[in-house]
Amino acid sequence: MDKELRRQGYTRIKTMNDLHYQQRLLASRIEHQEVMVMYRVRSLWDFLSPTKLLNLGCEALAAHNKAFNLFYKTASFVTNMFRGRK
């Protein structure tokens with residue numbers, strides 16, 4: 001639907017003012033898309049910090065290895081205990 005409206009907008013260009021109006025609309029759409037892409041990349045980078053990736057990897061390994069699970073749970077308990085005291 002939106003593509004069809006845009007196509008109709010381009011076919012109705014009869015003057016230079018109409019052309020400039022359509023160019024401004026297109027530029028604002030592109031700028032909006034660029035801002036959204038940068039926001040998504042930034043939020044993805046915040047979520048995928050090296051510490052979180054290491055933690056996710058350790059959790060995955062702990063799910064498959066009982067010995068590592070015991071070590072990981074003990075280490076996370078100790079770190080959480082020290083974080084709680086601050």
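K.L.:
Sorry, what's going on with the overall build of the protein here?
P.N.:
Along the backbone of the protein there are 4 helices and 0 strands. Going from the N terminus to the C terminus, the protein shows its helices and strands as α-α-α-α. Residues counted as buried form 7% of the 86 residues belonging to the protein.

K.L.:
Any chance you could explain the confidence of the model for the protein here in plain terms?
P.N.:
The predicted structure's coordinates, where accompanied by low pLDDT, should not be read in detail. A residue-level look at the protein finds 86% of positions with pLDDT of 70 or above and a mean pLDDT of 80. The least confident element of the protein, judged by mean pLDDT, is helix α1 (residues 2–11) at 66; the most confident is helix α4 (residues 66–85) at 90.

K.L.:
What is the right way to read the packing of aromatic side chains from this model?
P.N.:
What characterises a pair of aromatic rings is the spacing of the ring centres plus the angle enclosed by the ring planes. Scanning the entire structure with this criterion turns up 2 aromatic pairs. The interplanar angle of 50 degrees and the centroid separation of 6.0 Å between the aromatic rings of F68 and F71 together place this pair among those described as tilted. Highlighted residues: F68 and F71, both in helix α4, separated by 3 residues, approximately one helical turn. Residue F71 is classed as exposed on the basis of its relative accessible area of 55%. With a centroid separation of 6.3 Å and 15 degrees between ring planes, the pair formed by F68 and Y72 is classed as stacked. Residue F68 and its partner Y72 are both found in helix α4; the two are separated by 4 residues, about one turn of the helix.

K.L.:
How do you make sense of the packing of helix α3 (residues 50–64) against α4 when you look at a structure like this?
P.N.:
Working note: a packed helix pair is described by the angle between its axes plus the distance between those axes. Two numbers describe how α3 lies on α4: the axes approach to 6 Å, and their chain directions differ by 135 degrees. Relative to α4, the element α3 is oriented oblique. By crossing handedness, the relation of α3 to α4 is classed as left-handed. Between α3 and α4, the contacting residues are N55, C58, E59, L61, A62 and H64 on the first element and K66, F68, N69 and Y72 on the second. Looking at the contact of α3 with α4 residue by residue, the classes come out as 5 nonpolar, 3 polar and 2 charged.

Parameters at a glance
Residues numbered from 1 in each chain as written. Predicted model: local features only at pLDDT ≥ 70, side-chain atom pairs only at ≥ 80, totals over all residues. Heavy atoms only, no water. Helix = DSSP H or I, 4+ residues; strand = E, 2+ residues; numbered from the N terminus. Buried < 20%, exposed > 50% of the residue type's maximum accessible area, 1.4 Å probe, protein only. pLDDT = per-residue confidence, 0-100. Phe/Tyr/Trp six-rings, centres within 6.5 Å; stacked < 30°, edge-to-face > 60°. Axes fitted to C-alpha atoms, helices over the stretch in contact; angles between N-to-C directions. Parallel < 35°, antiparallel > 145°, perpendicular 65-115°, else oblique. Left-handed = near helix turned anticlockwise from the far one by under 90°. Contact = heavy atoms within 4.5 Å. Nonpolar A, V, L, I, M, F, W, Y, C, P; charged D, E, K, R; others polar.

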